[in-house]
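# Descriptive analysis of the structure
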Amino acid sequence: MKKAALITGASSGIGAAIAIEFSKNGYFVYLMGRNKERLQNVALKCRSGASIVSCDLSDEAALNKRLGEVIGAKIHRVECVVNNAGVFETHSTEEGSDEIWRRQFEINMLGPLRIARAFFPYFKEQGGGSIVNIASTLGLRPEGPTSAYAASKAALINWTQSLAQEGGPYKIRANCVCPGIVDTPLHSFHDLPAEKKNEVTDKMKSLQPLGRIGQPEDIAKAAYFLGSDQSAWITGAILPVDGGINL
Ligand SMILES: NC(=O)c1ccc[n+]([C@@H]2O[C@H](COP(=O)([O-])OP(=O)(O)OC[C@H]3O[C@@H](n4cnc5c(N)ncnc54)[C@H](OP(=O)(O)O)[C@@H]3O)[C@@H](O)[C@H]2O)c1
């Protein structure tokens with residue numbers, strides 16, 4: 001059976017780059033997201049084969065149904081799941097409604113939890129598997145008016161280590177990548193005209209010892225390393241990939 005990886009939030013930014021990286025390395029990829037057209041565009045760039053799994057992570061029943069289809073198909077050997085989908089909203093604690101907190105925890109934390117729960121029995125049966133969670137440097141050190149987002153990513157980081165402990169006896173590894181500032185549609189500067197965008201990103205460059213913001217491929221390489229056998233003896237690792245911004 002061909003090896004495969006499932007990547008959430010594969011329709012855009014970091015998730016699209018992760019899917020392409022796994023594909024370059026011979027994995028069939030299951031691309032998860034809501035926007036079918038964008039998922040199709042990413043699928044065209046995945047030369048080792050791809051299947052689109054269109055689903056809203058906040059719809060638990062639909063998510064479980066779609067995961068059941070992937071797991072039940074038994075066409076590929078899913079060796080890795082990358083929980084990458086995420087939402088980012090800025091607000092102060094005083095202004096952030098329950099709804100804002102709920103939305104971010106639903107996608108950033110409960111989504112990965114539901115996916116891991118579905119894959120654990122499958123990984124146990126096949127004798128192992130790998131889970132990579134995409135958190136954020138804000139989950140390690142909060143900054144600015146991003147408290148719900150930062151707290152949801154801190155939860156994801158902490159839970160990755162619980163997962164690593166629970167999965168160890170079954171050869172299920174769980175690791176976490178914490179991106180710094182990466183140029184994707186998550187940021188309002190992403191689609192600015194070049195001159196304006198440079199103005200904004202130039203200010204950010206000075207915050208990072210390595211002198212540039214990240215590109216989706218920077219994160220994709222780290223996610224592939226932690227997701228694949230290249231890191232066979234690593235579990236519970238929390239890897240910042242951030243140009244040194246937190247130093
Ligand atoms: N960019 C950064 O600077 C940065 C920094 C630190 C951490 N991160 C993390 O990196 C991950 C990827 O972010 P990105 O920068 O690549 O952002 P992005 O370009 O906005 O992509 C976000 C992805 O999440 C998916 N998504 C959002 N809500 C969803 C839902 N309800 N159901 C299913 N999928 C959903 C989107 O797919 P659809 O729209 O198709 O549903 C999209 O593919 C996120 O977890 C983010 O928190 C990013």
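The preceding data block contains the structure.
A brief structural summary.

Conventions we followed
All residue numbers refer to positions counted from 1 along the written sequence of the respective chain. With pLDDT at 70 or above as the cut-off, local features in this predicted model cover only qualifying residues; side-chain atom pairs require 80 or more to be listed or tallied, and sums for whole chains, interfaces and linings still use all residues. Each side-chain value is derived from all of the structure's non-hydrogen atoms; neither hydrogens nor water enter the calculation. The criterion for a residue being near a molecule or strand is simple. One of its heavy atoms has to lie within 4 Å of it. Under the rule applied, a polar contact is a pair of N or O atoms within 3.5 Å (in protein, one hydrogen donor and one hydrogen acceptor; residues adjacent in sequence only if both atoms are side-chain atoms). Residue-level accessible areas treat just the shown protein chains as cover; the underlying method is Shrake-Rupley with a 1.4 Å probe. A cavity here means a set of points on a 1 Å grid, drawn over the protein atoms and nothing else, where a 1.4 Å probe fits but cannot get out; a pocket is an open set with protein on both sides within 12 Å along at least five of seven lines, and a residue lines either one if it has an atom within 4 Å of a point. For a molecule to be placed in a cavity or pocket, more than half of its atoms must lie within 2 Å of the grid points of that cavity or pocket. Residues grouped as a nonpolar core are buried Ala, Val, Leu, Ile, Met, Phe, Trp, Tyr and Cys residues, joined through side-chain atoms within 4.5 Å. Residue burial is assigned from relative accessible area. The probe radius is 1.4 Å, only protein chains are included, and a residue is buried under 20% of its type maximum, exposed over 50%, and partly exposed in between. Elements are defined by DSSP. Helices are runs of H or I of four residues or more, strands are runs of E of two residues or more, and each kind is numbered from the N terminus. Every residue pair with non-hydrogen atoms within 4.5 Å of one another is taken to be in contact. If DSSP finds at least two bridges between two strands, the strands pair. Between the rings of Phe, Tyr and Trp (Trp by its six-membered ring), a pair exists once the centres lie within 6.5 Å; its type follows the angle of the planes, with under 30 degrees stacked, over 60 edge-to-face, and the other angles tilted. Structural elements are reduced to axes, namely lines fitted to C-alpha atoms, with helices fitted over the stretch in contact, and the angle between N-to-C directions of any two is expressed from 0 to 180 degrees. Grid points are joined across faces, edges and corners, and a volume is the space filled by probe spheres set on the points. Amino acid classes used here: Ala, Val, Leu, Ile, Met, Phe, Trp, Tyr, Cys and Pro are nonpolar; Asp, Glu, Lys and Arg are charged; the rest, including Gly, are polar.

## Looking at the site of the ligand
- Lining the immediate environment of the ligand, one finds 31 residues, of which Ser 12, Arg 34, Tyr 149, Thr 184 and His 187 sit closest.
- The contact in question runs from an oxygen atom of the ligand to an N or O atom on the side chain of His 187, over 2.6 Å.
- For the ligand, the accessible surface in isolation is 890 Å², of which the surrounding protein chains cover 93%.
- In this structure, the ligand is accommodated by the largest pocket.

## Re the nonpolar core
- The biggest cluster of nonpolar side chains holds 34 residues, and the ones touching the most others in it are Leu 6, Tyr 30, Met 32, Ile 115, Phe 119 and Ile 131.
- Breaking this core down by element, the ones donating at least two residues are β1 (2-8), β2 (28-33), α3 (60-73), β4 (76-83), α4 (98-126), α5 (147-167) and β6 (172-179).
- The element that contributes the greatest number of residues to this core is α4, accounting for 8 residues.
- Setting aside residues up to four positions removed in sequence, Ile 131 forms contacts with Val 81, Asn 83, Ala 116, Phe 120, Phe 123, Leu 163, Ile 172, Arg 173, Ala 174 and Asn 175.

## Observations concerning the pairing of strand β5 (residues 129-134)
- Of all the 6 residues making up β5, 6 are buried; the element is thus mostly covered by neighbouring parts of the structure.
- Burial along β5 is two-sided: the face carrying Gly 129, Ile 131 and Asn 133 and the face carrying Ser 130, Val 132 and Ile 134 are both buried.
- Of the pairings in the sheet, the one linking β4 to β5 comprises 4 bridges and is parallel in character. For Cys 80, the partnering residue across the bridge sits in β5 and is Ser 130.
- Bridge analysis of β5 against β6 gives 6 bridges, and the strand direction is parallel. Looking across to β6, one finds that Ser 130 is bridged to Arg 173.

## Observations concerning the packing of aromatic side chains
- Following the criterion strictly, the structure yields 9 aromatic pairs and no others.
- Judged by centre distance (6.2 Å) and plane angle (10 degrees), the rings of Trp 101 and Phe 105 are stacked. Placement of both Trp 101 and Phe 105 in helix α4 is noted, with a separation of 4 residues, approximately one turn of the helix.
- A relative accessible area of 28% means that Trp 101 is categorised as partly exposed.
- Summarising the aromatic geometry, the rings of Phe 119 and Tyr 122 are spaced 5.7 Å apart at their centres and angled 85 degrees between planes, so their arrangement reads as edge-to-face. Taken together, the positions of Phe 119 and Tyr 122, both in helix α4 and 3 residues apart, correspond to about one turn of that helix. Like Phe 119, the residue Tyr 122 is buried in the burial classification.

## Re the sheet that holds β4
- Taken together, the 7 strands give an open sheet; going across it, the order is β3-β2-β1-β4-β5-β6-β7, and neighbouring strands pair in parallel fashion. A strand with exactly one partner marks an edge of an open sheet, and here the two such strands are β3 (50-54) and β7 (238-241). Across the sheet, the mean angle from the axis of one strand to that of its neighbour is 20 degrees, orientation sign disregarded.
- In this fold helix α1 (residues 13-24) packs onto β1, β2, β4, β5 and β6, with an angle of close to 175 degrees to the strand it touches most, β1.

## What to know about the layout of surface pockets
- Estimates place the volume of the largest pocket at around 1300 Å³.
- Forming the walls of the largest pocket are 48 residues, and the residues nearest its centre are Gly 86, Val 87, Phe 88, Tyr 149 and Leu 186.
- Only α1, β2, α4 and α5 provide two or more residues apiece to the lining of the largest pocket.
- Among the residues making up the lining of the largest pocket, the classes are represented as 21 nonpolar, 19 polar and 8 charged.

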